[in-house]
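This is what each chain is made of:
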Amino acid sequence: MRQIYLDNNATTKVAPEVVEAILPFFNDYYGNPSSMHTFGGGVMRHVDQARQEIAGLLGASPGEIVFTGGGSESDNLAIRGTIEALAGRKRHLITTRVEHPAVREVFHHYQKNGYQLTELTVDGSGALDLDELEQSITPDTALVSVMWANNETGVIFPIEKVAQIVKAKGSVFHTDAVQAAGKIPIDVSRVPVDLLTVSGHKLHAPKGVGVLYVRKGTKLAPLILGGHQEKGRRAGTENVPGVVGLGRAAALASTWMSDENTRVRHLRDKLERGIVASCKDVRVNGKDRLPNTLNVSFEFIEGEAILLMLDDLGICASSGSACASGSLEPSHVMRAMGVPFTAAHGSIRFSLSRFNTEDEIDYVIQQLPGVTNRLRELSPFADAPAWQGTPLAHDHDHEH
Ligand SMILES: *Cc1c(COP(=O)(O)O)cnc(C)c1O
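Just so it is clear, the model here is predicted, and its values are computed rather than measured.

## Here's the deal with the packing of helix α4 (residues 71–86) against helix α5 (residues 101–112)
1) Next: For the pair α4 and α5, interaxial distance at closest approach is 9 Å and the crossing angle is 30°. Between α4 and α5, the angle falls in the class roughly parallel. Read as a crossing pair, α4 and α5 show a hand that is right-handed. Contacts from S72, D75, N76, I79, R80 and I83 of α4 reach α5 at A102, V103, V106, F107, H109 and Y110.

In structure tokens, the structure reads:
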């Protein structure tokens, strides 16, 4: 059966060029980059080259790049490292309601431990209120963390403006740029962020490697203590194959970004138009989005049911809702945007990459109306339009 992969915001295929770049570091160049001998030192040169390549993608200088074990680790290092460096001198934190759990859960942890937390709202299109941001920052604000682009909806936040507002008020600013890196231009020489997160596996590099950009002069306590790797910011022998792969992926993204994203945007827009034209009761969630992301809600249908039927057809997508303890909670992102309950439950994310083809998109557009029509016939909600827009009790049965 053919497989159509439209879940690239969850993870991406490692690019063939990246695989090719990595393999010698298993077989031939397996030395420890910190070793005194020439064999190890030669490997360090490749780590440094990767550092330059990722710095190039971000407009950073190589000395500001810290390699980590992935996006979640980078987010934790940015937030915990900043808070620990301040040693309790400032006790207010700001983030948004739509962050990835790797940011959200860290802030909730500090909230439970006595820090004051402001979670900024978004409107129905997913946009941030910059006035609310500005008014929330006080002299006691240790850190503001606002993602560059949202993983569920693809909504892009105006990070240049956000960073300017935060820096004018004197707080540290972190952005989770995992979904933005490689998809839209990022230039930290122009945008005054202090800390910025990238994850390898979201841009066609392997899983388990990431980057935290740390602007020169930013105070940051390490999470992992041990050896002197990464200038003491992250101890542990470097994941050399991962780092080399991330460097190669960054270099590829730098050269291909504009062309590939035009092509991906065209495919995404075609999918969006096709779905809106052929399916009933559908709404697109979020405005000003990444070129690869489409989040759509099919009213009165469970997202999981759609996903299972798409899966039978070989189509990989993702739902916006997560199953928790027997009840189906719509995602925190859909809730923050005020998407009505009946629509939030039927939200599906299609996320494309440069490996998708026109033919694949045509197939999805052709199959989807049949899927949603069949499910609507079975839906207990379909004949109850009065429920539209009103929260349902969380007690209906759901089969997993
Ligand atoms: C995937 C993702 C992460 C986590 O990255 P990992 O490398 O999987 O730990 C963090 N933030 C966003 C926005 C993501 O999409």
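## Observations regarding helix α3 (residues 38–58)
1) Next: A rise of 1.5 Å per residue sets the reference length of α3, with its 21 residues, at 30 Å; its end C-alpha atoms lie 31 Å apart and thus fit the reference within 8%.
2) Next: Buried residues of α3: G40, G42, V43, V47, A50, R51, E53, I54, A55, L57 and L58, and no others.
3) Next: One or two steps after α3, the chain reaches G59, where phi turns positive at roughly 75°.

## Here's the deal with the confidence of the model for the protein
1) Next: Per-residue pLDDT for the protein averages 92, and the proportion of residues at 70 or more is 92%.
2) Next: Overall, residues 385–400 carries pLDDT values under 50, and its contacts beyond four positions in sequence, including any with other chains, amount to 25 contacts.

## Here's the deal with the sheet that holds strand β8 (residues 210–214)
1) Next: If you trace the seven strands from one edge of the open sheet to the other, you get β2-β8-β7-β6-β5-β3-β4, paired in mixed fashion. In the strand order of this sheet, the two ends are held by β2 (65–68) and β4 (116–120), each with one partner. For this sheet, the mean inter-axis angle between neighbouring strands, taken without regard to orientation, is 20°.
2) Next: Judged from the three bridges that link them, strand β6 (residues 172–176) and strand β7 (residues 195–199) form a sheet pairing that is parallel. Within β7, the residue paired with D176 across the bridge is T197.

## Focus: the packing of helix α8 (residues 240–278) against helix α12 (residues 358–378)
1) Next: At a minimum axis separation of 9 Å, α8 and α12 run at an interaxial angle of 15°. One finds that α8 runs roughly parallel with respect to α12. Considering how the two elements wind past one another, α8 and α12 form a crossing that is right-handed. Along its contact with α8, which presents H266, L267, K270, L271, G274, I275 and S278, the element α12 presents E358, I361, D362, V364, I365, L368 and P369.

## Observations regarding the packing of aromatic side chains
1) Next: Scanning the entire structure with this criterion turns up three aromatic pairs.
2) Next: Seen in terms of ring centroids, Y110 and Y115 are 5.4 Å apart; in terms of plane orientation they differ by 80°. Their pairing is edge-to-face.
3) Next: The exposure class of Y110 is buried, given its relative accessible area of 11%.
4) Next: For Y115, a relative accessible area of 11% translates into the label buried.
5) Next: Just above the ring of F355 sits the side chain of K13; from NZ or CZ to the centre is 5.5 Å.

Calculation rules
- Residues numbered from 1 in each chain as written.
- Predicted model: local features only at pLDDT ≥ 70, side-chain atom pairs only at ≥ 80, totals over all residues.
- Heavy atoms only, no water.
- Axes fitted to C-alpha atoms, helices over the stretch in contact; angles between N-to-C directions.
- Helix = DSSP H or I, 4+ residues; strand = E, 2+ residues; numbered from the N terminus.
- Parallel < 35°, antiparallel > 145°, perpendicular 65-115°, else oblique.
- Left-handed = near helix turned anticlockwise from the far one by under 90°.
- Contact = heavy atoms within 4.5 Å.
- Expected span 1.5 Å × (residues − 1).
- Buried < 20%, exposed > 50% of the residue type's maximum accessible area, 1.4 Å probe, protein only.
- pLDDT = per-residue confidence, 0-100.
- Pairing = 2+ DSSP bridges.
- Phe/Tyr/Trp six-rings, centres within 6.5 Å; stacked < 30°, edge-to-face > 60°.
- Lys NZ or Arg CZ within 6 Å of the ring centre and 35° of its normal.

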